[in-house]
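Commentary on secondary and tertiary structure
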Protein chains: 2
Amino acid sequence: MTQSDRAIADTVGTDPEHMARIARALSHPARIRILQLLAEQNECKGAEVFSGLPLAQSTISEHLRVLREAGLVSSHPVGTAMTYCLVPERIAAFTDALDFVADAPACDS
Amino acid sequence: MTQSDRAIADTVGTDPEHMARIARALSHPARIRILQLLAEQNECKGAEVFSGLPLAQSTISEHLRVLREAGLVSSHPVGTAMTYCLVPERIAAFTDALDFVADAPACDS
DNA sequence: GCACTTAATCGTCTATCGACGATAAACGAT
DNA sequence: ATCGTTTATCGTCGATAGACGATTAAGTGC
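Residues numbered from 1 in each chain as written. Chains lettered and ligands numbered in written order. Predicted model: local features only at pLDDT ≥ 70, side-chain atom pairs only at ≥ 80, totals over all residues. Heavy atoms only, no water.

Below, the discussion takes up helix α4 (residues 57-69) of chain A. Residue and element names in this part refer to chain A. Between its first and last C-alpha atoms α4 spans 18 Å; for 13 residues at 1.5 Å apiece the expected length is 18 Å, and the two agree. Restricting attention to buried positions, one finds in α4 the residues I60, H63, L64 and L67. Along α4, the residues classed as buried sweep out an arc of 100° about the axis, all on the same side. Positive backbone phi, at 80°, marks G71, one or two positions downstream of α4. (Helix = DSSP H or I, 4+ residues; strand = E, 2+ residues; numbered from the N terminus. Expected span 1.5 Å × (residues − 1). Buried < 20%, exposed > 50% of the residue type's maximum accessible area, 1.4 Å probe, protein only. Arc of directions from axis to C-beta.)

Structure representation (structure tokens):
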């Protein structure tokens, strides 16, 4: 890892606490599914998220809260409903931080 | 996402269960620290991992087990000690899968 | 064989997660 | 104002995670 690589990494945030929080938000299949659903709808669609998963409405709402608190998803009301959007930059920042690990040379043994 | 992108993604594995398992393994600050430590030592060093964190030996051993079971770290005995190595490909595969979400167009609202 | 070092496992405890149904809160429409 | 729709929150429960010290297992060296 070069000096400038390190600088970029610091910008992006390699803080273990922070990275772990993001990973935690990603650590449930339903939440991955939600992100994939949102990624598929390039128009950030409302809460047919609720019908897209075999889980109770309250459960999905909770998953959305976790994703929102991690900054991976944003939401805003639209009439009586809600629109959920990906925040791709946050996910990209996380993968960037991880890449400094992924790009490490493999063990030579 | 193009057709060929999708093919790559499938190869790499966008299965939510699988992705969530990897994220789960990454979801603890101590485990992130361990990966960073291993990435810094380009020679995959033994268990001065144990002295690198303010945690009991048994706790760190447990974290290493989680990382090993997720395939992110490998280990082999060297004399009476142990050598731990990153498996960068596994981490890369995970970030690749995530990038299909990270590369999604941002919400236009 | 016996001591010594190192890592993994066990047992226990507390804290957090994830699921659900029920309820509340916000809003639009009539 | 009331009703229906949509989402968030609450309360509860069982399951899992994470920490630790103690113990076991594996390997080296005498």
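Rotating chain A by 180° and translating it 0.0 Å along the rotation axis places it on chain B, where the RMSD comes to 0.0 Å. As the rotation angle and translation indicate, the two copies are arranged about a two-fold axis. In this assembly the copies share their binding face: 98% of the residues contributing to the interface of chain A also contribute to that of chain B. (Least-squares fit on C-alpha atoms with pLDDT ≥ 70 in both. Contact = heavy atoms within 4.5 Å.)

Glancing now at the protein's contact with DNA strand D. Q57 and Y84 of chain A together with R24, T59 and H63 of chain B are the nearest of the 19 residues found near DNA strand D. Of all atoms in DNA strand D that approach within 4 Å of the protein, 69% are sugar or phosphate atoms. In the model, a sugar or linking oxygen of DNA strand D is placed 2.8 Å from a nitrogen or oxygen of the R24 of chain B side chain. When residues of the surface near DNA strand D are traced back to their parent elements, those giving at least two are α4 and β2 (81-86) of chain A together with α4 (57-69) of chain B. The greatest single-element share of the surface near DNA strand D, amounting to four residues, is contributed by α4 of chain A. Residues of the surface near DNA strand D, tallied by class, amount to seven nonpolar, nine polar and three charged. (Near = heavy atom within 4 Å. Polar contact = N/O pair within 3.5 Å; in protein donor to acceptor, adjacent residues only side chain to side chain. Nonpolar A, V, L, I, M, F, W, Y, C, P; charged D, E, K, R; others polar.)

Right, let's talk about the pairing of strand β1 (residues 73-78) of chain B for a bit. Residue and element names in this part refer to chain B. Pairing analysis gives six bridges linking β1 to strand β2 (residues 81-86), with the strands arranged antiparallel. Note that in β2 the partner of S75 across the bridge is Y84. Here β1 hands over to β2 after two residues, with G79 in that stretch at a positive phi of 65°. (Pairing = 2+ DSSP bridges.)

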